[in-house]
Amino acid sequence: MTTEPLFDSAEFRQVCGHFPTGVTAVTATAPGGAMAALTVNSFTSVSLSPAKVLFCVATASSSFKVLIAADRIAIHILGQDQEDIARRFATSGLSGAEKLSGVAWTPGPDGVPLLPGTPAILAGVRDEVITSGDHVIVLLDVDHVHLKPTKVPALSFYRGRFVAPTGATE
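Below: a short report on this structure. (Residues numbered from 1 in each chain as written. Predicted model: local features only at pLDDT ≥ 70, side-chain atom pairs only at ≥ 80, totals over all residues. Heavy atoms only, no water.)

## Considering a nonpolar patch on the surface
Here is step 1: A surface patch of nonpolar side chains, amounting to about 390 Å² of accessible area, comprises Leu-6, Phe-7 and Phe-12.
Here is step 2: Relative to the helices and strands, Phe-7 is located in the segment before α1 (9-16).
Here is step 3: The partly exposed category is assigned to Phe-7, whose relative accessible area is 43%. (Patch = residues over 30% accessible without salt bridge, like charges linked within 9 Å, V, L, I, M, F, W, Y side chains within 5 Å. Areas by Shrake-Rupley, 256 points an atom, 1.4 Å probe, with all protein chains shown as cover. Salt bridge = Lys/Arg side-chain N within 4 Å of Asp/Glu carboxyl O. Helix = DSSP H or I, 4+ residues; strand = E, 2+ residues; numbered from the N terminus. Buried < 20%, exposed > 50% of the residue type's maximum accessible area, 1.4 Å probe, protein only.)

Right under this line is the structure:
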């Protein structure tokens, strides 16, 4: 049973913004070569065995169709010094190729763009896509991880701004 909310979407977004989240960059290549690049803060691990993660993406995203058509996807955990990538990949109206232009990347398995300067990368095969409201939940079976030793804290998002995590030292 669905009830009518007693708030508007702006208030809902403001309330959810009180929960700090990490910031990731998601990349993919669809059959035919079209690329997706987007900033995602709705990322979490789901299972250790098998290794599985999820992220959410708006169906209105300019990267949505490419992302859903792609078999392989990479999720890059961004460092505090990579706010420029987060902002670029969050730009609406640009294609994935346009967002990746000027950003250092290398083709990974099946051509998925990998950003070598990020502290951590998880890549794998799209497992399941679940529609929920104006977003989809994408489950990814992880078959590749890369961890770059760094002392740079992860980039976080809190109350509408990019921030460094509190108490982060490494």
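Read on, since the account is not over.
## Quick word on the packing of aromatic side chains
Think of a pair of aromatic rings as described by two things: how far the centres are apart, and how the planes are tilted against each other in angle.
Here is step 1: Enumeration according to the criterion identifies two aromatic pairs in this entry.
Here is step 2: On the numbers, 5.1 Å between centres and 70° between planes, the contact of Phe-157 with Phe-162 is edge-to-face.
Here is step 3: Judged by its relative accessible area of 25%, Phe-157 falls in the partly exposed class. (Phe/Tyr/Trp six-rings, centres within 6.5 Å; stacked < 30°, edge-to-face > 60°.)

## Some points on the pairing of strand β5 (residues 52-58)
Here is step 1: Buried residues dominate β5, accounting for five of its seven residues.
Here is step 2: In terms of strand pairing, strand β4 (residues 43-47) meets β5 through four bridges, oriented antiparallel. Within β5, the position partnered with Ser-45 by the bridge is Val-53.
Here is step 3: Between β4 and β5, which pair antiparallel and follow one another directly, the connecting turn spans four residues.
Here is step 4: Looking at chain direction, β5 and strand β10 (residues 135-147) are connected through seven bridges and run antiparallel. Bridge pairing in β10 links Phe-55 to Val-138. (Pairing = 2+ DSSP bridges.)

## Remarks on the nonpolar core
The nonpolar side chains of soluble globular proteins are, as a tendency, buried together.
Here is step 1: Counting 20 residues, the largest nonpolar core has Val-26, Phe-55, Val-57, Leu-67 and Ile-73 as its most contacted members.
Here is step 2: At the level of secondary structure, the elements contributing two or more residues to this core comprise β2 (24-29), β3 (35-40), β5, α2 (64-69), β6 (72-77) and β10.
Here is step 3: For this core, the element with the most residues is β10, which contributes four residues.
Here is step 4: In this view, Val-26 contacts Ala-36, Ala-37, Leu-38, Val-40, Phe-55, Leu-67, Ile-73, Ala-74 and Ile-75; residues no more than four positions away in its chain are not counted.
Here is step 5: In this structure, Ala-37, Phe-89, Leu-100 and Leu-115 belong to the second largest nonpolar core, which totals 13 residues. (Core = buried A, V, L, I, M, F, W, Y, C linked by side-chain atoms within 4.5 Å. Contact = heavy atoms within 4.5 Å.)

## As for the sheet that holds strand β11 (residues 156-158)
Through backbone hydrogen bonds, the strands of a sheet pair up, either in parallel or in antiparallel fashion.
Here is step 1: Here we have three strands laid out as an open sheet, ordered β1-β11-β12, and antiparallel in their pairing. Each end of this open sheet is capped by a strand with a single partner; those strands are β1 (21-22) and β12 (161-163).

## Some words on the environment of Val-57
Here is step 1: Along the chain, the position of Val-57 falls in strand β5.
Here is step 2: For Val-57 and Val-152, which are 95 residues apart along the polypeptide, the C-alpha to C-alpha distance reads 26 Å.
Here is step 3: Discounting chain neighbours no more than four positions away, the residues touching Val-57 are Leu-38, Phe-64, Leu-67, Asp-134, His-135, Val-136 and Val-138.

## A word on the sheet that holds β2
Here is step 1: Strand order in the open sheet made by the seven strands is β3-β2-β6-β9-β10-β5-β4, with antiparallel pairing throughout. The open sheet terminates on both sides in strands that have one partner only, identified here as β3 and β4. Neighbour-to-neighbour, the strand axes of this sheet turn through a mean angle of 35°, independent of strand direction. (Axes fitted to C-alpha atoms, helices over the stretch in contact; angles between N-to-C directions.)

## Things to note about the environment of Val-15
Here is step 1: Structurally, Val-15 is set in helix α1.
Here is step 2: In the structure, Val-15 is positioned 93 residues away from Gly-108 in sequence and 38 Å away in space, judged by C-alpha atoms.

## Observations concerning the side chain of Thr-21
Here is step 1: By the element assignment, Thr-21 lies in strand β1.
Here is step 2: Polar contacts involving the side chain of Thr-21 include one to the side chain of Asn-41, which spans 3.0 Å.
Here is step 3: What Thr-21 contacts, discounting residues up to four positions off in sequence, is Asn-41, Leu-155, Ser-156 and Phe-157. (Polar contact = N/O pair within 3.5 Å; in protein donor to acceptor, adjacent residues only side chain to side chain.)

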